[in-house]
Amino acid sequence: KYLLSTVSGLLGQTLYALGRFDEVEPLGRLARDLATSDDVGTQALWRCVEAKCLARAGAFDEGEALVGEALEILADTDHVLFKYGAHVDLAEVRRLAGRNPAAALEDARRLALEKGSPVMADAMTALLAEPVGESIVP
């Protein structure tokens with residue numbers, strides 16, 4: 001069950017990125033239901049998955065609040081990739097809401113540079129150039 005919770009969340013993220021939105025929510029719920037309280041990565045991950053589902057349904061404030069919870073959970077950890085992903089997800093929620101995602105994308109870019117990943121940093125630079133209101137994914 002421990003690995004299944006994380007894998008479910010990661011699969012939800014992958015299906016979201018592929019635009020297979022109708023398959024995402026059940027995986028986020030499964031990750032939430034199976035995650036142990038001490039598994040901070042998965043606790044953050046299911047919140048990010050669910051946040052994007054909420055935002056796609058028009059519940060922008062609730063989605064943004066969930067990503068905020070994820071970032072709080074991750075704040076005192078060294079889970080750089082989960083933090084990066086949460087900032088990207090926050091940007092996605094904000095973009096779907098028609099809000100400016102720049103601050104979240106800048107935070108993700110900073111984390112990518114700290115991690116030593118110019119590819120991830122360049123991806124954030126490209127996203128910063130996209131118009132507000134458009135989804136980060138198809």
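Just above sits the structure.
Residues numbered from 1 in each chain as written. Predicted model: local features only at pLDDT ≥ 70, side-chain atom pairs only at ≥ 80, totals over all residues. Heavy atoms only, no water.

Looking now at the overall build of the protein. What the protein contains, in helices and strands, is seven helices and zero strands. The C-alpha atoms of the protein give a radius of gyration of 14 Å, which matches the 14 Å a tight globule of 138 residues would have. By its C-alpha atoms, the protein is 40 × 35 × 25 Å across when sized along the principal axes. Pairs at least 24 apart in sequence give 58% of the contacts found in the protein among residues at least 6 apart. For the protein, the distance from the average position of its 14 positive side-chain charges to the average position of its 22 negative side-chain charges is 2 Å. (Helix = DSSP H or I, 4+ residues; strand = E, 2+ residues; numbered from the N terminus. Rg over C-alpha atoms; globule rule 2.2 N^0.38 Å. Contact = heavy atoms within 4.5 Å. Lys, Arg positive; Asp, Glu negative; His and termini not counted. Charge placed at Lys NZ, Arg CZ, Asp CG, Glu CD.)

The geometry of two aromatic rings is summed up by the distance between their centres and the angle between their planes. This structure, assessed with the given rule, holds one aromatic pair. For the pair Y16 and F21, a centre-to-centre distance of 4.9 Å together with 65° between the ring planes defines the contact as edge-to-face. In this structure, R32 packs its charged tip against the face of W46, placed 5.8 Å from the ring centre. One residue, K52, lies across the ring of Y16, its end atom 4.3 Å from the ring centre. (Phe/Tyr/Trp six-rings, centres within 6.5 Å; stacked < 30°, edge-to-face > 60°. Lys NZ or Arg CZ within 6 Å of the ring centre and 35° of its normal.)

The next point concerns the pattern of salt bridges. Per the counting criterion, the structure on display carries ten salt bridges. A network of salt bridges, in which partner residues are shared, links D61, E64, R94 and R99. (Salt bridge = Lys/Arg side-chain N within 4 Å of Asp/Glu carboxyl O.)

A few words now on the packing of helix α4 (residues 60-74) against helix α5 (residues 80-96). A pair of packed helices is captured by two measures, namely the crossing angle of their axes and the spacing between those axes. For the pair α4 and α5, interaxial distance at closest approach is 10 Å and the crossing angle is 165°. It follows from the interaxial angle that α4 and α5 lie roughly antiparallel. Taken as a pair, α4 and α5 cross one another with a handedness that is left-handed. Across the interface between the two elements, F60, G63, E64, V67, L71 and L74 of α4 pack against F82, K83, A86, H87, D89, L90, V93, R94 and L96 of α5. Of the residues in the contact of α4 with α5, the class split is nine nonpolar, two polar and four charged. (Axes fitted to C-alpha atoms, helices over the stretch in contact; angles between N-to-C directions. Parallel < 35°, antiparallel > 145°, perpendicular 65-115°, else oblique. Left-handed = near helix turned anticlockwise from the far one by under 90°. Nonpolar A, V, L, I, M, F, W, Y, C, P; charged D, E, K, R; others polar.)

Residues V67, Y84 and M124 are the most contacted members of the largest nonpolar core, which totals 26 residues. Contributing elements (two or more residues each) for this core: α3 (40-56), α4, α5, α6 (102-115) and α7 (118-128). The greatest single-element share of this core, amounting to six residues, is contributed by α5. Here V67 is in contact with A51, A86, D89, L90 and V93, once residues within four sequence places are set aside. (Core = buried A, V, L, I, M, F, W, Y, C linked by side-chain atoms within 4.5 Å. Buried < 20%, exposed > 50% of the residue type's maximum accessible area, 1.4 Å probe, protein only.)

Everything listed here is a matter of coordinates, which is why it stays silent on function.
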